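Structural features, examined
Chain by chain, the residues:
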Amino acid sequence: MNNELLQIQSELQKRLSIPYQWNRKQNDFLDNKTNFIYHIKTLEELLTEIDKRFKSDKNFKMYYDYSLNRWFNFWSAYALEKIFCSLPNVKPAFNHRDRLKDFSIQGINFDHKSSVYPMRFGYDIDYAQHHPEILIKWLYENQSTEKRKHFRNRLFIVLYNTPGEHWKLKAEIMWLKDLIENYVSNFDPNKLFSLKLKNDFITYSDIIWAIK
């Protein structure tokens, strides 16, 4: 597995020199237009496909940025899910298309999401680490929209890079692997945050801090 992870890490790191710009919120329409990113593993192939599909479109720059960012985020998340599912007491979800769960740890289902530290949260990283439940609630309520939004169990990997550009940490696959392995080896279901985010539905969540 390490060879695959190193290959993904290498390709993701090639993207770091290109500015990370969304220009608009993620939405279902643009997701559908850029679903080809799921089948392309190298940056070179991705750039070729973007050019082929959108070169003559007046909104080329929008599609270019959107495709690059989705590709980067997807393959980082794919690698991290592989790491989780390789560990003891972790079982992959039976249905790989189930957006509500990626795996279970000690029988508890989780979706996982890598999240750059949100500037709109309004508090610094020190406050967030001392009040993780407040940040978790904020992430559930503000982060995902349309078909990506849900209130089921989720593990957040929160990325924070002291100089800024937190997003670049998504390419640090082997470093994140160590953090995930440490979290799972010390996993205690009694330490999960229990939240009521929607009616009487109980959501279990936690944060894996990825700080450099």
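This text goes with the structure placed above it.
Residues numbered from 1 in each chain as written. Predicted model: local features only at pLDDT ≥ 70, side-chain atom pairs only at ≥ 80, totals over all residues. Heavy atoms only, no water.

**Thoughts on the overall build of the protein chain**
Short version of the rule: For the purposes of this entry, the term helix denotes a DSSP run of H or I that reaches at least four residues, the term strand denotes a run of E that reaches at least two, and both are numbered from the N terminus. Every radius of gyration here is taken over C-alpha atoms, with the globule rule written as 2.2 Å times N^0.38, N being the number of residues. Residue contacts are counted whenever heavy atoms from the two residues lie within 4.5 Å of one another. In this tally, Asp and Glu contribute negative charge and Lys and Arg positive charge; neither His nor the terminal groups of the chain are included. Every charge is mapped to an atom, namely NZ of Lys, CZ of Arg, CG of Asp or CD of Glu.
Per the secondary structure count, the protein chain includes 7 helices and 6 strands. Here the C-alpha atoms of the protein chain give a radius of gyration of 17 Å, agreeing with the 17 Å that 2.2 N^0.38 yields for 212 residues. Taking the principal axes of the C-alpha coordinates as reference, the protein chain spans close to 55 × 35 × 35 Å. In the protein chain, the proportion of contacts linking residues at least 24 apart, taken out of those at least 6 apart, comes to 68%. Separation between the mean location of the 32 positive side-chain charges and that of the 26 negative ones in the protein chain comes to 5 Å.

**Structural notes on the pairing of strand 5 (residues 193–198)**
Selection rule: Paired strands, in this sense, are two strands between which DSSP finds at least two bridges.
Across 5 bridges, strand 5 lies against strand 6 (residues 201–211) in antiparallel orientation. By the bridge assignment, Ser 194 is partnered in strand 6 with Tyr 204. Where strand 5 folds back on strand 6, the antiparallel hairpin that results is connected by 2 residues, among which Asn 199 adopts a positive phi of roughly 55°.

**Thoughts on helix 3 (residues 43–54)**
Just so we agree on the cut-off: Multiply 1.5 Å by the residue count of a helix minus one, and that product is the helix's expected span. Accessibility here uses a 1.4 Å probe with only protein chains present; expressed as a share of the type maximum, an area under 20% marks a residue as buried, one over 50% as exposed, and anything in between as partly exposed. The arc in question is formed by the directions pointing from the helix axis toward the C-beta atoms.
Taking 1.5 Å per residue as the helical rise, helix 3 with its 12 residues ought to reach 16 Å, and the 16 Å between its terminal C-alpha atoms agrees with that figure. Of all the residues in helix 3, the buried ones are Leu 43, Leu 46, Glu 49, Ile 50 and Phe 54. The buried side chains of helix 3 occupy one side of the element, clustering within an arc of 120° when seen end-on. Of the exposed residues in helix 3, the ones pointing more than 90 degrees away from its buried face are Glu 44, Thr 48 and Lys 52.

**Some words on the environment of Trp 22**
This is how it is decided: A 3.5 Å cut-off defines polar contacts: any pair of N or O atoms within that distance qualifies, except that in protein one atom must be a possible hydrogen donor and the other a possible acceptor, and neighbouring residues in sequence count only when both atoms are side-chain atoms.
Mapped onto the elements of the fold, Trp 22 is located in the loop between helix 1 (2–14) and helix 2 (28–33). Linking Trp 22 and Asp 65, residues 43 residues apart in sequence, is a C-alpha distance of 6.0 Å. At 3.4 Å, the side chain of Trp 22 forms a polar contact with the side chain of Tyr 20.

**Topic: the pattern of salt bridges**
Selection rule: When a carboxyl oxygen of Asp or Glu is within 4 Å of a side-chain nitrogen of Lys or Arg, the pair counts as a salt bridge.
This structure, assessed with the given rule, holds 10 salt bridges. Ionic pairing is found between Arg 53 and Glu 49, a salt bridge with its closest N-O pair at 2.6 Å. Of the two residues, Arg 53 and Glu 49 both sit in helix 3, 4 residues apart, roughly one turn of that helix. A salt bridge links Asp 65 to Lys 61, with the nearest nitrogen and oxygen atoms 2.6 Å apart. Highlighted residues: Asp 65 and Lys 61, both in helix 4 (residues 60–85), separated by 4 residues, approximately one helical turn. What makes Lys 61 partly exposed here is its relative accessible area of 44%. Members of the salt-bridge network, linked through shared partners, are Glu 49, Lys 52 and Arg 53.

This is a description of form; function is not addressed.
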